[in-house]
Amino acid sequence: MTVLVLVDHDAGAPKKISNQILTAAREVGGGGVHAVVLGEGATASAEKLGDYGVTKAFVWDDGDADAFATEPRTAALVAALEQSAAPILLYPADPFITDVVARAAVRVEAGVVTDATDLELDGDTMIATKAIFGGEMASRCKVREGRPQFIGVKANAFTAEPGGASECQIVVLNVSLDDKTRRAEVIDTVEQEAGGRPEMTEASFIVAGGRGLGDAEGFKLIEELADALGAAVGASRAATDAGWYPHQHQIGQTGKTVAPQLYVGAGISGAIQHRAGMQTSQTIVAINKDADAPIFSIADFAVVGDLYKVLPPLIEEIRKRK
Amino acid sequence: MRIICPVKRVPDTAAAKKVDPDDHTLDRDSGEAILNANDEWSIEEALRIKERGSAEVIVLCMGPEQAQTTVRKALSYGLDGAIQVTDPAIHGSDAVATARVLAGALADEEFDLIIMGNQSSDARTMLLPAMLAEFLDLPALTYVKQLDIDGNTLTAQRETPSGHVVVRADMPAVVSVVEAINEPRYPSFKGIMAAKSKPLQTRDLAAVGVDAGQVGLEGSWTQVVEATPRPPKQAGEKVEDDGSGTVGAQALADFLAARKFI
Ligand SMILES: Cc1cc2nc3c(=O)[nH]c(=O)nc-3n(C[C@H](O)[C@H](O)[C@H](O)COP(=O)(O)OP(=O)(O)OC[C@H]3O[C@@H](n4cnc5c(N)ncnc54)[C@H](O)[C@@H]3O)c2cc1C
Ligand SMILES: Nc1ncnc2c1ncn2[C@@H]1O[C@H](COP(=O)(O)O)[C@@H](O)[C@H]1O
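Residues numbered from 1 in each chain as written. Chains lettered and ligands numbered in written order. Predicted model: local features only at pLDDT ≥ 70, side-chain atom pairs only at ≥ 80, totals over all residues. Heavy atoms only, no water.

Looking at the overall build of chain B
The line we're drawing: Helix and strand labels come from DSSP, where a helix needs a run of H or I of at least four residues and a strand needs a run of E of at least two; each type is numbered from the N terminus. The buried label applies to any residue whose accessible area, calculated with a 1.4 Å probe on protein chains only, is under 20% of its type's maximum; exposed applies above 50%, and partly exposed to all values in between. Any two residues whose heavy atoms approach within 4.5 Å at even a single point are treated as in contact. Computed with a 1.4 Å probe, the accessible areas rest on the Shrake-Rupley method; for each residue, only the protein chains presented here act as cover. In this tally, Asp and Glu contribute negative charge and Lys and Arg positive charge; neither His nor the terminal groups of the chain are included. Taken as the charge location is NZ of Lys, CZ of Arg, CG of Asp or CD of Glu.
A count of helical and extended segments in chain B gives 8 helices and 13 strands. Here chain B holds 262 residues, and 55% of them are scored as buried. A separation of at least 24 residues holds for 70% of the contacts in chain B among residues at least 6 apart in sequence. Of the roughly 10,900 Å² of accessible surface on chain B, a fraction of 50% belongs to carbon and sulfur atoms. Side chains of chain B carry 26 positive and 39 negative charges; the gap between the two charge centres is 4 Å.

Quick notes on the site of ligand 1
Test applied: The nearness test applies per residue and asks whether one of its heavy atoms lies within 4 Å of the molecule or strand. A 3.5 Å cut-off defines polar contacts: any pair of N or O atoms within that distance qualifies, except that in protein one atom must be a possible hydrogen donor and the other a possible acceptor, and neighbouring residues in sequence count only when both atoms are side-chain atoms.
The immediate surroundings of ligand 1 are formed by 25 residues, with Arg211(A), Ser236(A), Arg237(A), Ser269(A) and Asn288(A) found nearest. Looking at what sits near ligand 1, you find residues from chains A and B. The separation between an oxygen atom of ligand 1 and a polar side-chain atom of Ser236(A) is 2.5 Å. Contacts to ligand 1 include Ile251(A), whose backbone N or O atom sits 2.7 Å from a nitrogen atom. Relative to its unbound accessible area of 990 Å², ligand 1 is 78% covered by the protein chains.

A look at the site of ligand 2
Residue and element names in this part refer to chain B. The immediate surroundings of ligand 2 are formed by 20 residues, with Pro 6, Asp 39, Met 62, Ser 120 and Met 126 found nearest. Taking Asn 36, its side chain carries an N or O atom lying 3.3 Å from an oxygen atom of ligand 2. Within the contact set of ligand 2, an oxygen atom lies 2.5 Å away from a side-chain nitrogen or oxygen of Asp 39. If ligand 2 stood free it would expose 480 Å²; the protein chains cover 98% of that surface. Secondary-structure elements contributing two or more residues to the shell around ligand 2 are β4 (56-62), α3 (95-106) and β6 (113-117). It is β4 that provides the largest number of residues to the shell around ligand 2, a total of 3 residues.

Remarks on a nonpolar patch on the surface
Convention followed: Note on patches: the residues involved have over 30% relative accessible area and no salt bridge, like charges join within 9 Å, and the nonpolar side chains Val, Leu, Ile, Met, Phe, Trp and Tyr join within 5 Å. Within this document, salt bridges are pairs made up of a side-chain nitrogen of Lys or Arg and a carboxyl oxygen of Asp or Glu, the two lying within 4 Å of each other.
There is a patch of nonpolar side chains on the surface, built from Phe189(B), Ile192(B) and Met193(B) and spanning about 320 Å² of accessible area. Residue placement: Met193(B) occurs in helix α5 (residues 189-195).

Describing the packing of aromatic side chains
Residue and element names in this part refer to chain A. Put simply, the rule reads: Aromatic rings from Phe, Tyr and Trp, with only the six-membered ring used for Trp, were paired whenever their centres fell within 6.5 Å, and each pair was classed as stacked if the ring planes differed by under 30 degrees, edge-to-face if by over 60, and tilted otherwise.
A complete count under the given rule lists 4 aromatic pairs over all chains for this structure. Measuring from ring centre to ring centre gives 4.5 Å for Phe 219 and Tyr 245, while their planes differ by 20°; the resulting arrangement is stacked. Of this pair, Phe 219 sits in helix α6 (residues 219-229) while Tyr 245 sits in the loop between α7 (237-241) and β16 (262-266), placing them 26 residues apart in sequence. When sorted by exposure, Phe 219 lands in the same class as Tyr 245, which is buried.

With respect to the sheet that holds β4(B)
So the rule is basically this: Two strands make a pair as long as DSSP finds a minimum of two bridges between them. Between N-to-C directions, angles cover 0 to 180 degrees, with each direction set by a line fitted to C-alpha atoms, over the stretch in contact for helices.
Ordered in space as β13(A)-β9(B)-β8(B)-β7(B)-β10(B)-β6(B)-β1(B)-β4(B)-β5(B)-β11(B), the 10 strands form an open sheet in which the pairing is mixed. With partners counted over all chains shown, the strands left at the sheet margins are β13 (185-191) of chain A together with β11 (200-203) of chain B, one partner each. Averaged over neighbouring strand pairs, the angle between their axes works out to 30° when direction is ignored. As paired elements, strand β1 (residues 2-6) of chain B and β6(B) share 2 bridges and run parallel to each other. Bridging from a neighbouring strand, Ile4(B) pairs with Ile114(B) of β6(B). Together, β4, β5 (81-85) and β11 of chain B form the strand contacts of helix α2 (residues 68-76) of chain B, whose direction differs from that of β5(B) by roughly 160°. Strands β1, β4, β5, β6 and β11 of chain B of the sheet are contacted by α3(B), whose axis makes an angle of about 140° with β4(B).

Comments concerning the nonpolar core
What tends to happen in soluble globular proteins is that the nonpolar side chains get buried as a cluster. Our working rule: Nonpolar cores were defined as sets of buried Ala, Val, Leu, Ile, Met, Phe, Trp, Tyr and Cys residues, with membership established by side-chain atoms within 4.5 Å.
Counting 64 residues, the largest nonpolar core has Phe150(A), Leu173(A) and Met131(B) as the members making the most contacts within it. Counting residues per element, this core draws most heavily on α3(B), at 9 residues. Discounting residues that sit within four places of it in the chain, Met131(B) has contacts with Ala102(A), Ala105(A), Val106(A), Val112(A), Ala95(B), Val96(B) and Ala99(B). Residues Ala46(B), Val59(B), Ala173(B) and Val175(B) belong to the second largest nonpolar core, which totals 39 residues.

Focus: the interface of chain A and chain B
Bring the parts together and some accessible area is lost; that lost area is often taken as the interface size. Cut-off, in case you're wondering: Take the accessible area each of two parts loses on contact, using a 1.4 Å probe, and add the two losses: that sum is the buried area.
Listed per partner, the contact involves 89 residues of chain A and 86 residues of chain B. Together chain A and chain B conceal approximately 7,800 Å² of surface at their shared face, both sides included; 56% is due to carbon and sulfur atoms. The largest contributions to the chain A side of the interface with chain B come from Phe133(A), Arg144(A) and Phe301(A), which together make up 10% of the buried area. Here chain A is connected to chain B by 10 salt bridges. Residue Glu134(B) is joined to Arg107(A) by a salt bridge in which the shortest nitrogen-to-oxygen separation is 2.8 Å. Run the count over chain A and chain B and you get 50 residue pairs in polar contact (both at pLDDT 80 or more). Residue assignment for the side of chain A that touches chain B shows that the elements contributing at least two residues are α5 (95-108), β7 (111-116), β10 (137-143), β13, α7, β17 (283-288), β18 (301-304) and α9 (307-321) of chain A. Looking at which element gives the most residues to the side of chain A that touches chain B, the answer is α5(A), with 9 residues.

Examining the confidence of the model for chain B
Our working definition: Here pLDDT means the predictor's own confidence in every residue, given as a number from 0 to 100.
Here chain B shows a mean pLDDT of 95. Residues at 70 or above account for 99%. Listed scores for the predicted complex are pTM 0.96 and ipTM 0.96.

A few points about the environment of Lys154(A)
Residue and element names in this part refer to chain A. Note on placement: Lys 154 falls in the loop between β11 (149-153) and β12 (169-172). Looking at Lys 154, the relative accessible area reads 17%, which means it is buried. Residues Lys 154 and Thr 114, 40 residues apart in the sequence, show an inter-C-alpha distance of 8.4 Å. Discounting chain neighbours no more than four positions away, the residues touching Lys 154 are Ile 17, Ala 93, Asp 115, Ala 116, Thr 117 and Thr 257.

Listed below in structure tokens is the structure:
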């Protein structure tokens, strides 16, 4: 089956999650792989896609894609779907991208399955495995026959492997926008954080801190450990509510769902609402001074101890061994 | 100004979930059900808009009959009225079908703003705000952590992984909010008492102009093939630090090295 992949990119290069999804499209789809790349830097990003076996990339490198929220990109995605004619669209499970896909789905009458962690092809139908109810249950979902299939794929569900080396043909999309699509205007972009750390929902490793840190200052230690491991920083609601760390890093029921290869929680008790956002992580490590902390019941490795005593020598040790 | 607040009835996170073995839908009577937590922030934001100027705020809920308790709960915060869409054919509806029903319920309503949570704790698709906006042909400002209204213009901070983007649109529009936007209040005793007599309209599918074939298990565009409890995770090794920190640190570093994380 030809699979169209919505490629997210940054500064002229596809993001890691995009390469992971392209790999899935190639290996599970078993047919051709098309890509759609939107916004500033799309052309430069598309030029790198041949390495992952993309034969055709639909590109819309237009200023309107970034000057207005969601709707211009929706129009471009719909145009790409028409031109590609691929019956399956895979996209990165990312909030702003999900908006674009949601609108496009209503327009082209596609079914949408979100947050896939595994994919298999059954005839012409892609079946997605996903966690439901905060990871309490697993499910397999699909789009009904005869409809375009849109499937959101979570970061790190697949390992990115270049392959299927091919010449990628770049097709510039012809997108005609009416004024209505320019009704949500982006007037500023504010970066509150210095770059350099991986994004939490994309990261392979996450170090998360909670109320046990005692104050905002404590997050310096969490950041130091994160940097030693090459990890992103997460937080419990107790920590974000207290203003110790920005809300966008909150993991859990009312925050974000993460499933990294490694989750390290320090000073986090592991309340059910926190677990609902991280319990499908592949390896869970917890540091807590309370031997009965609920997080220990799902931890692959538990350290009962004071995080202020344990983390500094741990950071030292990691730096030494790297 | 007239504001619509869509809210969802969801199972309590702590409640044991039971899934029907045949159609894989959640048995919504098996545990305690509550107002979706993320909808408390949208209700609070609507109330603040109401208190700053004047606004009528209407709760909109698609759900079974029992969802009336959720609707009354939402009203108890001080909202003005409610529309509940209930119909046996709705059981098993996916995101598109839900958006279609909510849009149908609003087709003949006048409103300036729809303000909703960014995610439901059970389905957690995050699809609803954009899909509802698409059905109603409105702009959507989603994942909003700060909302300012000046005349007819909304200026919103949309949360990003490292900050936010500022986006502006005119009403009518759909807004979805994240937890950082405000600190929700508790309903007052007066509010709880008043909620019992607030106007609540119950509508069936015909009343919202949606065909039964477009909703429910059969009418949904997605299908659950299988749903199974995940085997409970086993606790692994536990090391007691001796108070120095080095014992715990060494053991943990060894573990991370053994798993090839370092
Ligand atoms: C509707 C609803 C939604 C929610 N959504 C979320 C959500 O999305 N995400 C979320 O995280 N929570 C959420 N919560 C809150 C959740 O119930 C917990 O209150 C929260 O997760 C607790 O955060 P915590 O583990 O950091 O704090 P606590 O539960 O207070 O735990 C702190 C831990 O730190 C340990 N500790 C203290 N000092 C030290 C030290 N020096 N060294 C080592 N350990 C130490 C303590 O033993 C304790 O276990 C929600 C709650 C509700 C009601
Ligand atoms: N059945 C429903 N009735 C009313 N509003 C809903 C319903 N389902 C979802 N919503 C709204 O859509 C938001 C996002 O939910 P979801 O797309 O399921 O993650 C919720 O916070 C609610 O505001």
